[in-house]
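What the coordinates show
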Amino acid sequence: FLGRAIPNFSESGEVNQWTGTFTDIDEFKQLETQKDNFLGIASHELKTPLTSLKLYTQFIKNNLEKAGDPKNANVARRMDYQIDLLTGLINELLDVTKIQKGQMQLNESLFDFDKLVDEVVEEQQMTSRHKLFVSRSGTIGEVFADRHRISQVIANLISNAIKYSPDADEVHISTSLHGDQAQFNVKDFGIGIPQDKQSKVFEQYYRINGSKDYTFSGLGLGLFISAEIIRRTGGEIFVSSVEGEGSDFCFRIPKYKN
Ligand code: ADP
């Protein structure tokens, strides 16, 4: 139970009475669980038709390309991209449900970290007008972790860097080795994050409202999921940022789990 005391004021504005209330928190908890369950089921149900839609769109796109109809093929390509965005949002909701239920599994294996970074950068570069620069101090080589989940974190940090720097042309990515720790940095020259909000961006559903010039879409889940993946991998994730100048997001993970 949650106990609360609510003041009752007299006409002169003084407190003349207190009313005590007790609220059954179990009810709130039940509602929370119901909401989480609903999110999980709804996301799952939305994903199934979306998977078919993706296949149909690719089929149409390929046929239009073969038929030499670049204008309509381009429309199909845009549809395909929007389907990917929608799938990304639904996957975020599914991941959050998994995290809440303690069901996010990590499938760890040995993989080449530098190669993974190149792959994700190449993929992100295809849909971005920003130039993505990669620099390396040394080779990181093999890492034992969940390749798919680490690629998700890298993609999330790079896509945020692109999204939150609408007036910039470049994003700088770098990797480095610190003892047995692999480090990944992504630096943008965008809107930045106010000092007092920097620690909050990793919280679930936390978003900073856009400025009067820009609004940015999103669910406020990407960094929450990324932080959970990095924490579960035994690493740490940080941000340093100057409002109006840009942000530097960084994570470090052990090359091999102890
Ligand atoms: P989303 O981008 O979907 O809102 P995220 O969890 O990825 O959710 O990020 C949470 C919030 O952190 C964003 O809404 C934004 O306010 C802020 N943020 C994240 N990355 C950056 C960045 N590179 N520059 C400025 N703000 C950022």
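Residues numbered from 1 in each chain as written. Predicted model: local features only at pLDDT ≥ 70, side-chain atom pairs only at ≥ 80, totals over all residues. Heavy atoms only, no water.

The protein goes by histidine kinase in an unreviewed UniProt entry, where it is assigned to Chryseobacterium takakiae.

1. Points about the site of the ligand
Around the ligand, 21 residues are found, and the nearest of them are Asn 160, Tyr 164, Asp 188, Arg 207 and Leu 223. Contact distances for the ligand include 3.0 Å between an oxygen atom and a side-chain N or O atom of Lys 163. Within the backbone of Gly 220, a nitrogen or oxygen atom sits 3.2 Å from an oxygen atom of the ligand. Protein contact buries 98% of the 530 Å² of open area that the ligand shows by itself. Looking at the shell around the ligand, the elements that each hand over two or more residues are helix 4 (147–163), helix 5 (222–232) and strand 9 (246–254). Here the shell around the ligand takes four residues from helix 4, the largest share from any one element. Each residue belonging to the shell around the ligand can be placed in one class, and the counts come to 11 nonpolar, seven polar and three charged. (Near = heavy atom within 4 Å. Polar contact = N/O pair within 3.5 Å; in protein donor to acceptor, adjacent residues only side chain to side chain. Areas by Shrake-Rupley, 256 points an atom, 1.4 Å probe, with all protein chains shown as cover. Helix = DSSP H or I, 4+ residues; strand = E, 2+ residues; numbered from the N terminus. Nonpolar A, V, L, I, M, F, W, Y, C, P; charged D, E, K, R; others polar.)

2. As for the packing of helix 2 (residues 70–100) against helix 5
At their nearest, the axes of helix 2 and helix 5 sit 10 Å apart, and the two run at 45° to each other. Compared by their axis directions, helix 2 and helix 5 come out oblique. Our pair here, helix 2 against helix 5, has a crossing hand that is left-handed. Taking contact as the criterion, the partners of Glu 92, Asp 95, Val 96 and Ile 99 in helix 2 are, on helix 5, Gly 222, Phe 224, Ile 225 and Glu 228. (Axes fitted to C-alpha atoms, helices over the stretch in contact; angles between N-to-C directions. Parallel < 35°, antiparallel > 145°, perpendicular 65-115°, else oblique. Left-handed = near helix turned anticlockwise from the far one by under 90°. Contact = heavy atoms within 4.5 Å.)

3. What to know about the packing of helix 3 (residues 113–126) against helix 4
It is at 10 Å that the axes of helix 3 and helix 4 come closest, and there the two elements cross at 45°. As summarised for this structure, helix 3 and helix 4 are arranged oblique, according to the angle between their axes. For the pair helix 3 and helix 4, the crossing hand works out as right-handed. The segment helix 3 lies against helix 4, with Phe 113, Leu 116, Val 117, Glu 119, Val 120, Val 121 and Gln 124 engaging Arg 147, Ile 150, Ser 151, Ile 154, Ala 155, Ile 158, Ser 159 and Ile 162. Across the contact of helix 3 with helix 4, the residue classes break down as 10 nonpolar, three polar and two charged.

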